[in-house]
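Listed below, chain by chain, are the residues.
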Amino acid sequence: MSMDKATVANIARLARIRLNEDELELYAKELSGIMGWIEQLNAVDTGDAEPMSSVVERLLPERADVVTDGGIQEDVLANAPDTAHGYYVVPKVVE
Amino acid sequence: MTDLTGLTMAAALDGLAKKDFSSAELTAAYVTAMEKARPLNAYITETPDQALAMAKASDARRAKGESRAMDGLPLGIKDLYCTKGVQTTAGSHILGGFTPTYESTVTQKLWDAGAVMLGKLNLDEFAMGSANITSYYGTVESPWRKAGDNRPLVPGGSSGGSAAAVAAHAAIAATGTDTGGSIRQPASFTGIVGLKPTYGRCSRWGIVAFASSLDQAGPMTRSVTDAAIMMGVMAGYDAKDSTSVDIAVPDYRAALDGSVKGLRVGIPKEYRVDGMPAEIERQWQQGIAWLKEAGMEPVEVSLPHTKHALPTYYIIAPAEASSNLARYDGVRYGLRVEGDSLDKLYENTRAAGFGAEVKRRVLIGTYVLSAGYYDAYYLKAQKIRTLIADDFKKAYQQCDVILTPTSPSAAFALGEKMDDPVAMYMQDVFTVPANLAGIPGLSVPSGLSSDGLPLGLQVLGKAFDEETVLKVGRVIEKAAAFSTKPSFLAGE
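Model, not experiment: these values are computed from the prediction.

Comments concerning the UniProt feature "active site" (unreviewed entry) in chain B
Residues and elements named next belong to chain B.
Line of reasoning, step 1. The positions that UniProt labels "active site" (unreviewed entry) are, in the present scheme, Lys78, Ser158 and Ser182. Look at the named residues: they lie 105 residues apart in sequence, but the longest C-alpha span between them is just 11.2 Å, so in the fold they bunch up.
Line of reasoning, step 2. Tracing the sequence through the fold places Lys78 in strand β2 (residues 74-78).
Line of reasoning, step 3. The class for Lys78 is buried, based on a relative accessible area of 0%.
Line of reasoning, step 4. Within the structure, the side chain of Lys78 is placed 2.8 Å from the side chain of Ser158, a separation counted as a polar contact.
Line of reasoning, step 5. You can see Ser182 is positioned in the loop between β4 (173-178) and α6 (184-190).
Line of reasoning, step 6. Setting aside residues no more than four positions away along its own chain, Ser182 makes contact with Lys78, Ala127, Gly129, Gly157, Ser158, Ser159 and Thr177.
Line of reasoning, step 7. Within polar-contact distance, the side chain of Ser182 engages the side chain of Ser158 at 2.8 Å.

Right, dumping it as structure tokens:
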């Protein structure tokens with residue numbers, strides 16, 4: 001299959017990665033190649049196979065619904081590029 | 001004194017126990033080796049002061065008769081494991097300046113067992129790659145050279161820094177992670193031992209996530225015995241990782257002494273891929289002969305969905321990666337490139353912070369998960385994954401382990417296979433199925449290519465049967481008696 005620049009621009013927008021014209025061109029070519037190679041899976045008869053999301057064949061463990069961690073605001077914010085008054089700072093979202 | 005950096009973990013533990021040398025002396029030798037190995041670019045961060053302090057504490061414990069399973073052994077840590085107070089990069093610009101305020105479960109277990117941290121090892125960006133050429137911190141060079149050819153070679157990837165450091169004697173052993181072959185393929189390229197444990201055997205907590213249903217932590221060492229010792233420390237249930245499995249950790253080292261007589265070794269006919277070099281086939285046949293001599297019975301098995309494993313992997317892994325990597329947004333940690341809106345801030349940060357291979361995979365992952373394509377790609381891949389896992393379950397009704405080559409080639413030169421992503425992805429053709437099925441796999445050095453480069457054989461086992469995998473690996477190790485060292489050794 002071939003993927004055009006508009007498709008790449010759309011998925012780059014979904015993935016929140018800014019791409020320039022040259023990159024759109026490059027990724028359109030590369031992704032077309034990779035997706036073309038992946039197309040071979042269309043020919044596989046999966047019958048009634050269940051989709052696998054985990055190889056661990058057991059239920060996720062449960063525990064009592066109690067607080068086990070917390071009170072580490074400084075640790076949580078320690079690596080943030082910009083903080084104020086104990087919060088992360090981002091550009092204004094609501095006018 | 002003998003060259004301390006030439007010792008395996010097992011030999012160093014003996015020497016430490018007999019007071020032939022102290023951990024301070026052993027660690028000092030490795031700190032020097034680590035500095036000498038800088039041309040390989042294997043370490044991103046060196047922590048010599050921390051190493052020497054940990055060695056001193058180890059010697060104090062030993063003096064009191066309180067030594068532990070890996071006391072005093074200087075390790076390199078793949079820079080995907082979060083280490084408290086020590087910069088952790090995942091090989092990516094986007095984590096620039098990130099210093100974890102917590103320690104990964106597996107590294108904590110290693111420190112609790114007395115091990116010493118030399119530093120953090122280079123890797124492909126977010127562990128995405130098979131040559132260690134995608135790191136923001138530069139490519140890693142293998143300590144090996146082809147006979148009569150001085151061009152630099154790749155160490156394999158993604159745990160390329162780990163492999164190069166262990167092979168060049170710049171760490172006694174290292175941690176790796178394996179999502180599609182990232183422990184086993186570099187181990188094979190550099191003539192060392194690498195074990196990808198069963199999914200769920202080691203905690204993934206505190207390890208930067210790539211593809212959460214495939215990632216596993218494991219040891220990279222200079223012998224099978226060392227892998228068994230280190231595995232015993234790394235393995236175990238962790239309440240902080242809901243996919244880690246709560247079953248007892250066996251004594252892997254003791255398991256090495258058991259007999260392999262009567263065990264059946266499966267030879268999957270589908271692993272004879274087109275264009276596989278004759279010398280890889282010869283290594284494989286040699287491996288079968290060695291196991292036969294040890295009393296094992298070869299049986300042909302069929303893994304009919306093998307040829308679909310790689311394209312299936314290249315749907316599932318990027319899909320999970322695109323989701324996992326959504327957290328790098330310039331707000332909570334790492335790089336931030338400002339923009340005049342929140343969306344622009346995200347887009348600018350991720351454009352500047354991710355390298356080309358990571359962008360490629362995030363884009364593929366976003367595409368296969370997007371509306372209208374989810375069923376055709378992701379759901380289909382999940383179904384084929386079930387078929388691949390079922391192939392192994394059926395095969396293991398006929399055999400106890402499976403033997404294959406680790407990689408379809410020996411190490412290649414820096415600059416080769418770099419124009420075509422699919423050609424690079426083919427590196428993982430023999431290793432990816434074990435990740436999809438969640439089973440353990442061990443790469444053991446088995447011989448040299450015609451160019452004088454290491455080749456490895458892979459032993460695959462049943463889920464949670466690392467004991468048999470290691471035991472069979474030890475038979476290959478003994479028979480192969482692989483003793484060639486790379487042309488560059490940092491420790492001498």
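Quick look at the sheet that holds β2(B)
All names here are of chain B.
Line of reasoning, step 1. Taken in spatial order, the 11 strands make up an open sheet running β1-β3-β2-β4-β6-β5-β10-β11-β9-β7-β8, and their pairing is mixed. One side of each edge strand has no neighbouring strand; the edge strands of this open sheet are β1 (43-46) and β8 (297-301). With strand direction ignored, the average angle separating the axes of adjacent strands in the sheet is 30°.
Line of reasoning, step 2. Taken together, the two bridges between β2 and β4 define a ladder with parallel strand orientation. Of the residues in β4, the one forming a bridge with Leu75 is Ala173.
Line of reasoning, step 3. With respect to the sheet, helix α2 (residues 23-36) is in contact with β1, β2 and β3 (116-121), its orientation differing from that of β3 by roughly 15°.
Line of reasoning, step 4. With respect to the sheet, helix α4 (residues 105-112) is in contact with β2, β3, β4 and β6 (216-221), its orientation differing from that of β2 by roughly 175°.

Quick word on the nonpolar core
Residue and element names in this part refer to chain B.
Line of reasoning, step 1. With 186 residues, the main nonpolar core has Met70, Leu110, Phe126, Phe392 and Leu403 as its most contacted residues.
Line of reasoning, step 2. Of the domains in this structure, domain 1 (7-257 + 474-480) and domain 2 (310-382) are the two that each give at least three residues to this core.
Line of reasoning, step 3. Apart from residues no more than four positions distant in its own chain, Phe126 is found in contact with Leu80, Ala90, Ser92, Ile94, Leu95, Val208, Phe210, Leu325, Tyr328, Phe354 and Val358.

Let's talk about the packing of helix α2 (residues 21-38) of chain A against helix α12 (residues 356-369) of chain B
Line of reasoning, step 1. Put simply, α2(A) and α12(B) touch, their axes get as near as 11 Å, and they point 60° apart. The orientation of α2(A) with respect to α12(B), classified from their angle, is oblique. The handedness of the crossing between α2(A) and α12(B) is right-handed. Contacts between α2(A) and α12(B) involve Glu23(A), Tyr27(A), Glu30(A), Leu31(A), Ile34(A) and Met35(A) from the first element and Ala356(B), Lys359(B), Arg360(B), Leu363(B), Ile364(B), Tyr367(B) and Val368(B) from the second.

Observations concerning unusual backbone geometry
All names here are of chain B.
Line of reasoning, step 1. Between Gly157 and the following residue, Ser158, the backbone shows a cis peptide bond with an omega angle of 10°.
Line of reasoning, step 2. Among the structural elements, Ser158 can be located in the loop between β3 and α5 (160-167).
Line of reasoning, step 3. A positive phi angle, close to 55°, is found at Phe126, a residue other than glycine.
Line of reasoning, step 4. Taking relative accessible area as the criterion, Phe126 reaches 1% and is therefore assigned buried.
Line of reasoning, step 5. Phi at Ala481 is positive, roughly 45°, even though this residue is not glycine.
Line of reasoning, step 6. Mapped onto the fold, Ala481 is located in the segment after α16 (466-480).

Digging into the confidence of the model for chain B
Line of reasoning, step 1. Mean pLDDT over chain B works out to 96, with 99% of the residues at or above the 70 mark.
Line of reasoning, step 2. The complex model carries a pTM of 0.97, and its ipTM stands at 0.95.

Quick notes on the pattern of salt bridges
All names here are of chain B.
Line of reasoning, step 1. For the structure shown, the criterion picks out 23 salt bridges over all chains.
Line of reasoning, step 2. The closest approach of N and O atoms between Asp149 and Arg151, which form a salt bridge, is 2.9 Å.
Line of reasoning, step 3. Assessed through its relative accessible area of 47%, Arg151 is described here as partly exposed.
Line of reasoning, step 4. With its nearest N and O atoms 3.9 Å apart, the salt bridge here joins Asp400 to Lys462. Remark: Lys462 occurs in the loop between β11 (454-461) and α16 and Asp400 occurs in the loop between α13 (374-395) and β9 (401-405); sequence separation between them is 62 residues.
Line of reasoning, step 5. With a relative accessible area of 14%, Asp400 lands in the buried category.
Line of reasoning, step 6. Judged by its relative accessible area of 28%, Lys462 falls in the partly exposed class.

Conventions adopted
Residues numbered from 1 in each chain as written. Chains lettered and ligands numbered in written order. Predicted model: local features only at pLDDT ≥ 70, side-chain atom pairs only at ≥ 80, totals over all residues. Heavy atoms only, no water. UniProt positions renumbered as here; feature names shortened; annotations may be inferred. Helix = DSSP H or I, 4+ residues; strand = E, 2+ residues; numbered from the N terminus. Buried < 20%, exposed > 50% of the residue type's maximum accessible area, 1.4 Å probe, protein only. Polar contact = N/O pair within 3.5 Å; in protein donor to acceptor, adjacent residues only side chain to side chain. Contact = heavy atoms within 4.5 Å. Pairing = 2+ DSSP bridges. Axes fitted to C-alpha atoms, helices over the stretch in contact; angles between N-to-C directions. Core = buried A, V, L, I, M, F, W, Y, C linked by side-chain atoms within 4.5 Å. Domains from an automatic or database assignment. Parallel < 35°, antiparallel > 145°, perpendicular 65-115°, else oblique. Left-handed = near helix turned anticlockwise from the far one by under 90°. pLDDT = per-residue confidence, 0-100. Salt bridge = Lys/Arg side-chain N within 4 Å of Asp/Glu carboxyl O.

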